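Architecture at a glance
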Amino acid sequence: MTEDELLFLSNNVKKLEEVRNKLKSLDVTVTCQNYRFKEQPTDDLLFITLDKALVAYEELNRPLIVTDTAFYIAGYEEEENFPGVAIKSKLLEPLGIAGLLEKMKDVKNRNCLLKECLAYYDGENMKVFESKQRGTLAKEEHINKELGEYTKLFGIFIPEGTTKTVNEMTKEEREALGEFNPNVFSLFSTWYKKERSKCLVKKI
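Here's a quick rundown of the structure.

What counts, and at which threshold
- Residues numbered from 1 in each chain as written.
- Predicted model: local features only at pLDDT ≥ 70, side-chain atom pairs only at ≥ 80, totals over all residues.
- Heavy atoms only, no water.
- Core = buried A, V, L, I, M, F, W, Y, C linked by side-chain atoms within 4.5 Å.
- Buried < 20%, exposed > 50% of the residue type's maximum accessible area, 1.4 Å probe, protein only.
- Contact = heavy atoms within 4.5 Å.
- Salt bridge = Lys/Arg side-chain N within 4 Å of Asp/Glu carboxyl O.
- Helix = DSSP H or I, 4+ residues; strand = E, 2+ residues; numbered from the N terminus.
- Pairing = 2+ DSSP bridges.
- Expected span 1.5 Å × (residues − 1).
- Polar contact = N/O pair within 3.5 Å; in protein donor to acceptor, adjacent residues only side chain to side chain.

Moving on, we come to the nonpolar core. Counting 19 residues, the largest nonpolar core has Phe 71, Ile 73, Leu 100, Met 104, Leu 137, Leu 153 and Ile 156 as its most contacted members. Not counting residues up to four positions away in its chain, the partners in contact with Leu 153 are Phe 71, Ile 87, Leu 91 and Leu 114. Grouped together as the second largest cluster of nonpolar side chains are 18 residues, Leu 6, Tyr 120, Val 184 and Trp 191 included.

Right under this line is the structure:
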């Protein structure tokens with residue numbers, strides 16, 4: 001029996017295990033390659049994700065998936081909708097989570113929005129999935145070593161309708177959140193199960 005192989009590209013290899021877990025309902029082997037993407041001079045999350053997939057496929061010539069994330073904090077005084085798509089270069093590297101929380105400690109408007117985008121491309125079929133989750137910014141960071149640190153935002157992001165950061169939630173609570181508001185991996189999995197016969201996947 002052969003399985004489909006999908007290449008997951010990221011410059012954060014810590015994401016691989018989480019991606020494998022999210023795609024475990026598929027009969028696919030997910031491999032990961034550390035890939036350095038060029039930064040694009042745009043705040044358009046969809047464009048950035050599509051460009052990643054197209055450029056990477058041109059170089060690697062293998063069926064692949066890429067993701068990207070944008071985070072928008074409504075009440076950040078120095079810049080509207082900070083940090084947007086530039087999570088690493090504007091937030092994590094210059095400020096860090098502790099620095100962000102210090103700047104936001106007296107701000108009442110803590111509304112924020114987390115957007116994710118996933119693109120699948122096999123040289124012929126291109127499919128893009130987007131998800132949005134509104135929420136609020138926590139006043140302190142919550143670290144969950146079991147989840148890892150592949151996205152530090154989960155330690156400060158409280159999804160709408162809940163009182164906990166993602167990192168504070170139990171596995172069951174996170175799964176229930178995903179059922180109410182499916183993430184990009186759930187959307188991709190549903191599509192792939194229906195359309196996999198049409199995809200030009202690599203067999204192993």
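On we go.
Taken as a whole and judged by the stated rule, the model has seven salt bridges. We note a salt bridge from Lys 52 to Asp 68, for which the minimum N-O separation is 2.9 Å. Within this pair, whereas Lys 52 is found in helix 2 (residues 45-60), its partner Asp 68 is found in strand 3 (residues 64-73), the two being separated by 16 residues in sequence. Take Lys 52 and Asp 68: they sit in the same class, and that class is buried. Salt-bridge contacts for Lys 88 lead to Glu 93; the nearest nitrogen and oxygen are separated by 3.8 Å. Judged by relative accessible area, which is 45%, Lys 88 ranks as partly exposed.

It is worth spelling out the pairing of strand 3 at this point. Along any regular strand the residues' side chains alternate between the sheet's two faces. In terms of residue burial, strand 3 counts as a mostly covered element, since 10 of its 10 residues are buried. Alternating residues of strand 3 divide into Leu 64, Val 66, Asp 68, Ala 70 and Tyr 72 and Ile 65, Thr 67, Thr 69, Phe 71 and Ile 73, and every residue in both groups is buried. As paired elements, strand 3 and strand 5 (residues 111-121) share 10 bridges and run antiparallel to each other. Residue Ile 65 lies in a different strand from strand 5, and its bridge partner there is Tyr 120. Looking at chain direction, strand 3 and strand 4 (residues 82-84) are connected through three bridges and run antiparallel.

The subject of this paragraph is helix 6 (residues 184-195). Its 12 residues place the ends of helix 6 16 Å apart at the C-alpha level, agreeing with the 16 Å of an ideal helix rising 1.5 Å per residue. Of the residues making up helix 6, those classed as buried are Val 184, Phe 185, Phe 188, Ser 189, Trp 191 and Tyr 192. Against the buried residues of helix 6 lie strand 1 (4-10), helix 1 (15-22), strand 2 (28-34), strand 3, strand 5 and strand 6 (126-137). The N-cap of helix 6, judged by a side-chain oxygen 3.0 Å from the amide nitrogen of Phe 185 a few residues on, is Asn 183.

Here we take up the environment of Leu 54. Among the secondary structure elements, Leu 54 is positioned in helix 2. Overall, Leu 54 belongs to the partly exposed group, its relative accessible area being 42%. In this structure, the C-alpha to C-alpha distance between Leu 54 and Val 66, residues 12 residues apart in sequence, is 9.9 Å. When near neighbours in sequence (up to four residues on either side) are disregarded, Leu 54 contacts Tyr 121 and Met 126.

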